Structures are given as C-alpha cells and as structure tokens.
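Secondary and tertiary structure notes
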Amino acid sequence: MSILVGRDSRILVQGITGRDGSFHARQMKEYGTRVVAGVTPGKAGENIDGIPVFDSVEEAVARTRANVSVIYVPAGLAQDAVYEAVDAEIPLVVCITEGLPARDMVEVAAYLHGRSTRLIGPNCPGLISPGQCKVGIMPGFIHTPGRIGLVSRSGTLTYEVVWQLTRAGMGQSTCIGIGGDPIVGTRFVDTLALFEADDKTDAIVLIGEIGGSDEEDAAALIERHVSKPVVAFIAGQTAPPGKRMGHAGAIVSGGAGTAQEKMARFERAGVPVARIPSEIPGLVAAGLARRGRGRLSVVHGVPRKAAKSGGKKPKATRRKAKPAGRKGKPRRAAPKPRAAKKTRRSRP
Amino acid sequence: MNLHEYQGKDLLRAAGIPVPPGEVALSAAEAIEIAGRLGYPAVVKAQVLIGGRGKAGGVKVVRDAEELAREAGRILGMEIRGHKVHRVLVTPSAEIEREYYAGIVLDRKVETPVLMVSPAGGIDIEEVARSTPEKILNVHLDGRGLPGYRARAAARFLDSRWEIQRALAPLLVRLATVYRGNDASLAEINPLVVTTAHEVWALDAKVVIDDNALDRHPDLAALRDLTAEDPGEIEARDGGLSYVRLDGTIGCVVNGAGLAMATMDLIQFYGGKPANFLDIGGSSNPDKVTAAMKILTRDARVRAVLFNIFGGITRCDDVARGLLAALDRMKVKIPIVIRLTGTNEREARDLLGARGMTALSDMDEAVRAVIARAAEAA
C-alpha cells in the first residue's frame with residue numbers, strides 16, 4: 001500500500017473549521033481520501049461537508065477510529081495540537097503548520113522519543129499515495145499512481161518535480177514532504193528505510209536543500225542500506241551564506257550545509273545528482289534501466305507490477321487508480337476484506 | 001533576528017551574568033561623557049550586525065578623551081562589510097588573563113540545544129572547530145536545561161582552578177536560561193574572560209532570536225534595528241514576503257522557498273544572474289504580489305522579472321490578479337515573464353489573456369525566456 005498512507009487511512013483534521021483546514025479537508029475528500037473527522041474545540045456537533053466536528057482528538061478517535069491526523073492550526077497552537085494527537089495514540093500525525101518556534105519542536109521531539117507516533121512536518125505539504133490517499137495541501141492532479149517514491153524538504157519544488165515525473169510517464173508510490181524546519185518529526189533517513197522496504201517502490205527521488213546535515217546522513221544510509229536506485233537534487237546552489245532562504249532550516253552557517261557539499265556527498269555515495277529539476281526523470285529512468293526494472297516501472301499511470309506482486313489480496317480489491325482531482329465520490333469496489341483488516345490494526 | 005552586542009549584554013546582565021558596565025553613544029561627545037564616568041582606559045566598539053568588527057578596525061582601546069574623540073569619530077560613520085556604524089558601545093577596558101568561548105546553538109542532529117565551550121576564546125569558533133576540534137567540549141541541554149554538575153564539567157574543561165570554575169559554572173547555567181527564556185537560536189559569549197584579578201566577565205555577546213518566536217517576545221521584537229537592514233528586506237517582511245537581495249539582474253517572484261531557490265539556481269544554470277530570493281508564501285493574497293513587484297521594480301539592477309508559480313495552496317488566478325493590480329498601480333517598464341502551473345491555472349490564463357499577456361507552463365522554458373529578455377533590456 002505504498003508507505004505511511006493508503007486506502008485504509010482514516011483522516012482526522014485538526015483545525016477543520018479554519019480557513020485552511022476547511023478548504024483542504026474538502027480537497028482531500030474530493031481526491032477520494034477518507035476524511036472521517038475534524039476537531040475544533042468548541043465546535044462539536046458542526047460538520048464540514050458532512051465531516052463531523054468534535055471538541056477533542058480523543059473523542060474524534062473514539063467515535064471514528066481515525067488513524068492519521070493532519071494539523072492546520074496556527075503556529076502558536078501547533079505544539080499543543082501535536083501533543084493532543086500523540087496522547088490520543090494516533091500512529092501518524094502530519095503537521096502542515098508553518099512558523100513553529102524551534103523551542104516548541106525541541107520539546108515535541110523529546111516528547112515523541114519512545115512513543116509510537118510518527119510525526120511528519122511541521123512546515124510541510126504533507127504526503128500522498130497517488131490514487132489512494134492525500135493528506136496535506138498538495139494539488140492532487142499532478143500526481144499519478146506508480147512506483148517512484150519521492151521525499152523532499154520543500155513544498156512547491158516537490159510539486160514541480162512530481163509534475164515532471166508524471167509528464168515523463170513515471171507514476172509515484174508515495175510522495176512525502178518532510179518539512180523545511182531545522183527540526184522535523186521524520187527525516188530523509190526514516191523515509192528512505194520505508195521506501196527501501198516497500199515492494200511497491202522501485203526507485204527513490206530525494207529533494208534536499210541547503211542547511212543542516214540530513215542529506216549527508218541520507219547519503220551515508222544509502223551507501224550501506226539502500227539497494228534501490230536513488231536520484232538526488234539539492235536546491236540553493238546560489239544561496240549566499242548566513243541568509244535564511246525562506247525555510248527556517250534553509251541557511252548556510254559557518255560554511256556548513258552548502259548545496260555543493262551535499263551534492264558531493266551524494267556523488268561519493270554513488271547517487272546521481274540532478275543539476276536541475278528537469279534532469280531528474282532521465283536519471284531515474286537510467287537508474288531503473290541499470291537495475292533491469294525499467295520496463296516494470298516506467299509505465300504511464302498503471303502500476304503494472306502491482307497486479308502480480310504481493311499476492312496477498314484477491315484482484316477484486318485492486319482497482320485502477322482514478323484520475324486525480326476529479327469531482328465526485330470515488331467509491332471502491334469490495335472494500336469488505338480491507339475494512340475488517342483495518343479495524344483490527346487500528347485498535348491499540 | 002540578530003541583536004546588537006549591547007542588547008545581548010542587557011539580556012545577559014538581566015540573567016545575572018557578569019558583564020562590564022557600558023553604554024551606547026551616538027556621537028563622539030556622548031562617548032566622552034560616558035567614558036568620563038566609567039573611566040579610562042576604555043574600549044569603543046562599533047555596534048553592527050555583522051562579524052569581523054575587530055579586523056575591520058571597529059574596536060579600539062583608548063587611553064584618554066582625546067584618543068576616544070578621534071576613534072569614536074572615525075568608527076561612527078565607517079562602514080563594515082556594507083553595514084554602516086550608527087552607534088558605539090563604550091566600556092572600560094579589562095585586564096585579561098585568559099580568553100574562553102561559550103555559546104549555545106541548536107544541534108539539529110540531536111534535536112536539542114548544545115552548549116559549546118572552548119579554552120580557545122577570542123577567535124572564530126568555527127575556525128577552532130576546523131583546526132583544533134579537541135579544544136571544544138559539547139554539552140547537550142535537555143528538558144532540565146543545564147544541570148549544575150554538567151556546567152561544572154564544562155567549567156573544568158575551561159579552567160583548572162576551582163575558584164574560577166566556581167564563577168564559570170553558574171554563568172554557563174545562566175547562559176542556558178538566556179537561550180531558552182528568550183527563544184534564542186544563538187547565545188554566545190566570545191570572549192568570556194578571566195581578568196588578572198581573577199574575575200569572570202562576558203566581554204562580548206552575540207544573541208540571535210528565533211524569528212518564529214518573536215510573537216511571544218514583543219519586548220525583543222521591539223529591539224529590531226531597522227537602520228541595520230536592507231530596506232527591501234524590511235518592506236518584504238512587512239508585506240509577509242520572504243526576500244533576500246542578491247547581486248544579479250533577474251528578479252524572481254516565486255511561491256515556496258524550495259522552488260524559489262531552485263529558480264535562482266536554474267537562472268544561474270542557464271547563464272543568468274538572479275537578483276533576489278523571493279517567496280510570496282503559500283497563501284493566495286494578491287497584495288503580496290503587488291508588494292513583491294514594488295520591491296523588485298525599485299531595484300535599478302533588475303532588468304527583467306520572472307514569475308514562477310506552481311499553484312497548490314496558492315491559486316494561480318490570485319497571483320495573476322495581484323500582478324494585474326500591481327501593473328495598474330505602478331509603471332513597470334521592465335519585461336515580465338510568467339510561468340504558471342497548477343491550481344486555477346486556466347482562470348489565471350484567462351485573466352492575463354484579457355490584458356494581452358501570456359504565460360508559459362514550463363519552468364526551464366520560462367527561465368531561458370527571462371534571461372533572453374533581460375539581455376535585450378540591457
């Protein structure tokens with residue numbers, strides 16, 4: 001089911017009655033995502049396009065069995081929103097909110113330690129498993145189901161790269177924006193491990209940027225533990241030192257964290273680095289061809305190999321992905337066996 | 001947000017860290033009046049938000065009023081790496097026996113702040129880290145802050161004498177409270193000195209406040225020195241934009257920081273030079289586009305402007321509306337190349353088309369086009 005989110009994901013929207021929360025709750029639903037609940041304190045009993053609103057995450061989870069939370073609350077309230085979701089034992093929490101003070105994230109990171117919740121973000125576009133589930137703010141229509149995994153510290157640059165992959169006939173298994181802050185819940189290394197283990201992902205695209213050393217850590221991990229082809233791109237080659245380039249984490253300080261260093265580290269790890277975004281699809285195709293898996297992967301839109309691999313499910317539950325971004329309610333055929341499985345899994 | 005030395009010292013002093021007396025002067029006469037009270041020899045220090053003051057001649061020890069008048073007059077009005085000096089700090093000179101370093105930054109890898117101390121003080125800590133990393137001790141902070149026993153370990157690393165350690169350890173604990181209590185992203189004392197009288201003083205202070213936390217520190221936000229910043233960057237911040245001025249000729253207006261960086265890189269890749277980084281952010285506010293156009297068109301070096309918009313949260317039609325509104329309100333003589341893809345792209349194209357404008361949909365094509373237009377305009 002790709003990674004982290006799929007058809008079984010049941011989404012809860014924290015901050016659903018706000019401007020961004022309500023807009024994106026509708027967008028996610030239109031994409032075919034199961035948005036099962038919203039939370040805004042004091043607004044229990046209301047609904048947003050039929051999505052019930054609750055006063056607390058705990059109540060929303062008890063009533064709807066939500067297993068993914070996506071947060072759209074203002075920066076000053078985001079830390080509390082994350083805590084509320086973690087304490088409700090939601091396995092995956094996605095914080096879209098931008099502008100969290102670093103201290104708040106230091107505290108969140110310490111609190112998450114040893115707990116089972118995975119946090120994605122903050123300051124991120126969210127994640128999408130095309131044709132299955134969209135959690136975040138990315139435009140759905142640029143994606144197409146397929147077998148390329150993508151992870152990025154950026155938002156719109158990710159859309160740009162996804163769009164170029166889609167136009168080149170390379171669909172995506174899951175695309176994750178991990179966020180542009182100095183401290184984020186999920187890093188490159190975490191997602192690389194997930195993509196490596198995912199039998200629906202054939203190749204990985206990594207979009208990094210200046211600042212920090214997560215790209216260097218990723219390169220070290222790839223050297224030792226990633227067998228699938230990886231293609232990297234690093235933004236900020238022309239960024240001057242000491243200046244914050246929009247993202248709180250995108251700053252070259254003391255000569256460390258430059259794009260050039262990161263590119264060189266990837267190359268040392270044998271990872272091809274695209275000089276410009278439009279080189280990415282070609283490098284992915286080349287990587288797949290070297291592995292002899294190209295034919296299976298570069299098939300526009302239709303994950304052909306999916307029909308054969310796994311073999312755990314009757315074919316009836318698989319369906320060709322609906323073209324994204326279309327209005328109406330995509331209803332699924334034969335959801336029964338999956339629903340049963342999901343129920344078991346989501347009970348702690 | 002960077003604080004001046006004297007502002008940082010105020011924060012240290014408020015936390016109980018020993019800081020030598022000192023006051024800020026805007027003129028040589030004021031400097032002489034201050035030194036008259038605090039005593040000679042005195043040190044006069046340029047207050048600028050950039051490193052390397054000492055090397056640039058912005059810090060001087062003076063013996064008397066005559067020398068102070070000369071040096072203060074020279075430093076006030078000098079320019080240090082593009083930063084004009086508007087004020088100086090006047091402080092008594094200290095008899096220094098040892099110079100140490102103490103600083104706290106966020107360790108992104110460990111996800112906690114880290115206290116770094118070094119007996120090699122008075123010089124750039126990044127240089128120490130490169131050449132003699134064994135001279136730096138890292139002590140990570142946690143939810144408890146900096147426990148006393150760990151502060152004592154850091155103090156022992158700096159100085160072998162118990163009487164000095166006894167002064168250093170509480171100072172380090174207080175530095176940790178300055179860092180945390182003010183939502184700093186850097187709190188640095190360099191040099192942290194031991195005087196010949198065996199007193200411990202913070203002779204300098206560099207404090208940077210996390211921009212994202214300024215909302216909860218209105219007192220610190222009020223310390224912002226607008227005279228020390230690029231006017232375009234101030235205007236951008238007021239307009240909710242993220243802007244950094246660069247040296248090139250091609251202005252860019254982009255939504256999203258990553259795409260904005262990639263756009264700059266692509267301009268350079270195809271042989272152009274970007275004039276700026278500019279992120280109009282994720283929201284769909286036409287006013288931001290107008291503000292962006294104001295900043296870019298006032299910059300005389302900008303020969304052409306590229307709009308690179310990938311609509312997600314940002315709706316392309318809102319950007320188009322903002323651009324058209326800007327063109328209505330101001331005279332724009334330089335060529336504009338527009339690239340639009342994503343949410344409400346069709347509506348945006350219709351709006352632009354009604355005014356005889358077109359938009360490209362491919363980023364590489366748009367970058368090549370704007371470079372060509374800038375060359376024509378040159």
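Quick summary incoming for the structure in this document. (Residues numbered from 1 in each chain as written. Chains lettered and ligands numbered in written order. Predicted model: local features only at pLDDT ≥ 70, side-chain atom pairs only at ≥ 80, totals over all residues.)

**Regarding the overall build of chain A**
- Counting secondary structure elements, chain A contains eleven helices and 13 strands.
- For chain A, long-range pairs separated by at least 24 residues make up 70% of all intrachain contacts whose partners lie at least 6 apart in sequence. (Helix = DSSP H or I, 4+ residues; strand = E, 2+ residues; numbered from the N terminus. Contact = placed C-beta atoms within 7 Å.)

**Comments concerning the environment of B:Leu306**
Residues and elements named next belong to chain B.
- The residue Leu 306 is located in strand β16 (residues 304–311) in this model.
- As for Leu 306 and Ala 257, which are separated by 49 residues in sequence, their C-alpha atoms are 15 Å apart.
- For Leu 306, the contacting residues outside a window of four places in its chain are Ile 250, Cys 252, Thr 263, Val 337, Ala 366, Val 367 and Val 370.

**A short note on the nonpolar core**
- Within the largest apolar cluster, 158 residues are counted, with the highest numbers of intra-cluster contacts made by A:Ile71 and A:Val94.
- Tallying contributions element by element places helix α9 (residues 257–269) of chain B first for this core, with eight residues.
- The residues touching A:Ile71, leaving out its near neighbours within four places in the chain, are A:Gln14, A:Gly15, A:Ala78, A:Ala81, A:Val82, A:Val93, A:Val94, A:Cys95, A:Ile96 and A:Thr97.
- Core analysis: the second largest hydrophobic core is formed by 42 residues, B:Leu146, B:Leu175, B:Leu203 and B:Ala205 among them. (Core = buried A, V, L, I, M, F, W, Y, C linked by C-beta atoms within 7 Å. Buried ≥ 20, exposed ≤ 12 C-beta atoms within 10 Å, placed from the backbone.)

**Topic: α9(B)**
Residues and elements named next belong to chain B.
- Compared with the 18 Å implied by 1.5 Å per residue over 13 residues, the 18 Å span of α9 between its first and last C-alpha is a close match.
- For α9, the tally of buried residues reaches eleven of 13 residues, placing the bulk of the element in the interior.
- Here α9 has its buried residues at Ala 257, Gly 258, Leu 259, Ala 260, Met 261, Ala 262, Thr 263, Met 264, Asp 265, Leu 266 and Ile 267.
- Count one or two residues on from α9 and you reach Gly 271, which has phi positive near 95°. (Expected span 1.5 Å × (residues − 1).)

**Describing the packing of helix α10 (residues 286–298) of chain B against helix α11 (residues 316–329) of chain B**
All names here are of chain B.
- Between α10 and α11, the shortest axis-to-axis distance is 7 Å and the interhelical angle comes to 45°. Comparing the axis directions of α10 and α11 gives the class oblique. The way α10 lies across α11 gives a crossing that is right-handed. Residues Pro 286, Asp 287, Lys 288, Val 289, Thr 290 and Met 293 of α10 touch α11, and the partners they reach there are Asp 318, Val 319, Arg 321, Gly 322, Leu 323, Ala 325, Ala 326 and Arg 329.
- A class-by-class count of the residues in the contact of α10 with α11 yields seven nonpolar, two polar and five charged. (Axes fitted to C-alpha atoms, helices over the stretch in contact; angles between N-to-C directions. Parallel < 35°, antiparallel > 145°, perpendicular 65-115°, else oblique. Left-handed = near helix turned anticlockwise from the far one by under 90°. Nonpolar A, V, L, I, M, F, W, Y, C, P; charged D, E, K, R; others polar.)

**Digging into the interface of chain B and chain A**
- If you look at the interface, chain B gives 44 residues, while chain A gives 46 residues.
- Counting residues per element, the ones that place at least two in the side of chain B that touches chain A are β8 (112–118), β13 (242–245), α9, β15 (276–279), β16, β17 (336–342) and α13 (363–377) of chain B.
- Element by element, the count of residues in the side of chain B that touches chain A is highest for α9(B), at eleven residues.

**Here's the deal with the pairing of strand β6 (residues 92–95) of chain A**
Residue and element names in this part refer to chain A.
- In β6, alternate side chains face the same way, and those of Leu 92 and Val 94 on one face and Val 93 and Cys 95 on the other are all buried.
- By the bridge criterion, four bridges tie strand β5 (residues 68–71) to β6 in an arrangement that is parallel. Bridge pairing in β6 places Ile 71 opposite Cys 95.
- The handedness of the β5 to β6 crossover, carried by helix α3 (residues 75–87), is right-handed.
- Across three bridges, the pairing between β6 and strand β7 (residues 118–120) is parallel. Note on β7: the bridge partner recorded for Leu 92 is Arg 118.
- At this point the chain moves from β6, through helix α4 (residues 102–112), to the parallel β7, and the crossover so formed is right-handed. (Pairing = 2+ DSSP bridges. Right-handed = clockwise from strand over helix to strand, strands pointing away.)

**Some points on the sheet that holds strand β6 (residues 88–92) of chain B**
Residue and element names in this part refer to chain B.
- Read from one edge of the open sheet, four strands run β1-β6-β2-β3, paired in antiparallel fashion. For this open sheet the edge positions go to β1 (23–25) and β3 (59–62), each flanked by a neighbour on one side alone. Averaged over all adjacent pairs, the angle separating strand axes in this sheet is 25°, with direction ignored.

**Let's talk about the sheet that holds β5(A)**
Residues and elements named next belong to chain A.
- A sheet is described by the order of its strands in space; here seven strands give the open sequence β3-β4-β2-β1-β5-β6-β7, paired in mixed fashion. Across the chains shown, the open sheet's two edge strands, defined by having one partner strand only, are β3 (47–48) and β7.
- The pairing of strand β1 (residues 10–14) with strand β2 (residues 34–39) spans five bridges and is classified as parallel. Each residue of the ladder has a partner; that of Gln 14, found in β2, is Val 39.
- Against the sheet, α3 makes contact with β1, β5, β6 and β7, and its axis sits at roughly 170° relative to β6, the strand it touches most.

**Quick notes on unusual backbone geometry**
- Note the cis peptide between A:Gly121 and A:Pro122, where omega equals 10°.
- Checked against the element boundaries, A:Pro122 lands in the loop between β7 and β8 (126–129).
- The omega torsion across B:Asn190 and B:Pro191 is 10°, close enough to zero to call that bond cis.
- Following the sequence through the fold, B:Pro191 ends up in strand β10 (residues 184–195).
- A positive phi angle, near 45°, is found at B:Arg81, a position not held by glycine.
- In this structure B:Arg81 comes out as exposed when scored by C-beta crowding, with 12 C-beta atoms within 10 Å.
- Its identity as a non-glycine residue notwithstanding, B:Asn344 has a phi of 60°, on the positive side.
- Residue class for B:Asn344 comes out buried when judged on the 20 C-beta atoms lying within 10 Å of it.

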